[in-house]
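Observations on the three-dimensional arrangement
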Amino acid sequence: MTQREQMDQRRGQWRITVWEEENFQGKRCEFMMECPNILDRDFQKIRSIKVDNGPWVAYEYPEFQGQQFILEKGDYPCYQAWSGNSSYRTEHLLSFRPIKCANHSDSKITLYDCQDMMGRKFEMCDDYPSLQAMGWCSKEVPSIKVNSGAWVGYQFPGYRGYQYIFERDRRQGEFRNYNEFGTQAHSNQIQSIRRIQH
């Protein structure tokens, strides 16, 4: 494989197309790398999305701030599609980036019942729609260590509520307290968790 073919293959690993209006209408733009502020591209907002390759995380504000929304391969014609069962809905997104360390077949995460990765721990390598059903004794997860891959934690059982993205290549995989879960994190309540699909 030539060097150019290798570069083309890497570039195609992440591809997302965004539209300014719902149902894939209005101004559109394709990206293969992060976009810290869609306003810099003369967009007012993002209202629909198509993910061709790779998992992405989108944010309600510029510079990867605010509520996080996981975007895996597929079509998102309106905000209900990316909000899913979230108790928090935003009708538009303003920044997004690829999740480069996602590896569904090789993902491992450790949950701790105290901050700073202390106390009782539970290692997992599978999806859990209810942490309490699998034996976690609390609605809260004070700290997390991502050993490999990328995960999305949800505020409520059944993959509902606020979403928190946990990646091995961010913060060296260490989330020592809920303030490090994301800029929108108001508590350490996580009741379901799953591996991010790639």
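Here the structure is a predicted model, which means the values were calculated and not measured.

Concerning the overall build of the protein
- Counting its regular elements, the protein contains two helices and 14 strands.
- Taking 16 Å as the expected radius of gyration for a compact globule of 198 residues, we find that the protein reaches 17 Å, a close match to that expectation.
- Dimensions along the principal axes, computed over C-alpha positions, put the protein at roughly 50 × 45 × 25 Å.
- For the protein, buried positions account for 48% of its 198 residues.
- Sequence separation of 24 or more characterises 68% of the internal contacts of the protein that already satisfy a separation of 6 or more.

Brief notes about the environment of T183
- Residue placement: T183 occurs in the loop between β13 (174–175) and β14 (192–195).
- The exposure class assigned to T183 is partly exposed, which follows from its relative accessible area of 47%.
- As a C-alpha pair, T183 and E140 span 43 residues in sequence and 18 Å in three-dimensional space.
- In this view, T183 contacts Q65 and G66; residues no more than four positions away in its chain are not counted.

A short note on the sheet that holds strand β10 (residues 143–148)
- The strand order across the open sheet built from four strands is β9-β8-β10-β13, with neighbouring strands paired in antiparallel fashion. Edge strands, defined here as strands with exactly one partner in the open sheet, are β9 (118–124) and β13.
- In the sheet, strand β8 (residues 108–114) pairs with β10 via five bridges, with the strands oriented antiparallel. Paired with T110 across the two strands is K145, which belongs to β10.

Topic: unusual backbone geometry
- Here D42, not a glycine, exhibits a phi torsion of approximately 65 degrees, which is positive.
- Residue position: D42 is located in the loop between β2 (25–31) and β3 (48–53).
- A positive phi is found at D116, a non-glycine position, where the angle reads about 60 degrees.
- With respect to the helices, strands and loops of the structure, D116 is situated in the loop between β8 and β9.

What to know about the pattern of salt bridges
- In total, this model carries 13 salt bridges according to the counting rule given.
- For E22, the salt bridge is made with R47, and the minimal N-O distance between the two is 2.9 Å. Highlighted residues: E22 in the loop between β1 (15–21) and β2 and R47 in the loop between β2 and β3, separated in sequence by 25 residues.
- Exposure remark for R47: the relative accessible area of 15% places this residue in the buried category.
- Counted as one network, the salt bridges with shared partners bring together R97, E167 and R170.

About the thresholds
Residues numbered from 1 in each chain as written. Predicted model: local features only at pLDDT ≥ 70, side-chain atom pairs only at ≥ 80, totals over all residues. Heavy atoms only, no water. Helix = DSSP H or I, 4+ residues; strand = E, 2+ residues; numbered from the N terminus. Rg over C-alpha atoms; globule rule 2.2 N^0.38 Å. Buried < 20%, exposed > 50% of the residue type's maximum accessible area, 1.4 Å probe, protein only. Contact = heavy atoms within 4.5 Å. Pairing = 2+ DSSP bridges. Salt bridge = Lys/Arg side-chain N within 4 Å of Asp/Glu carboxyl O.

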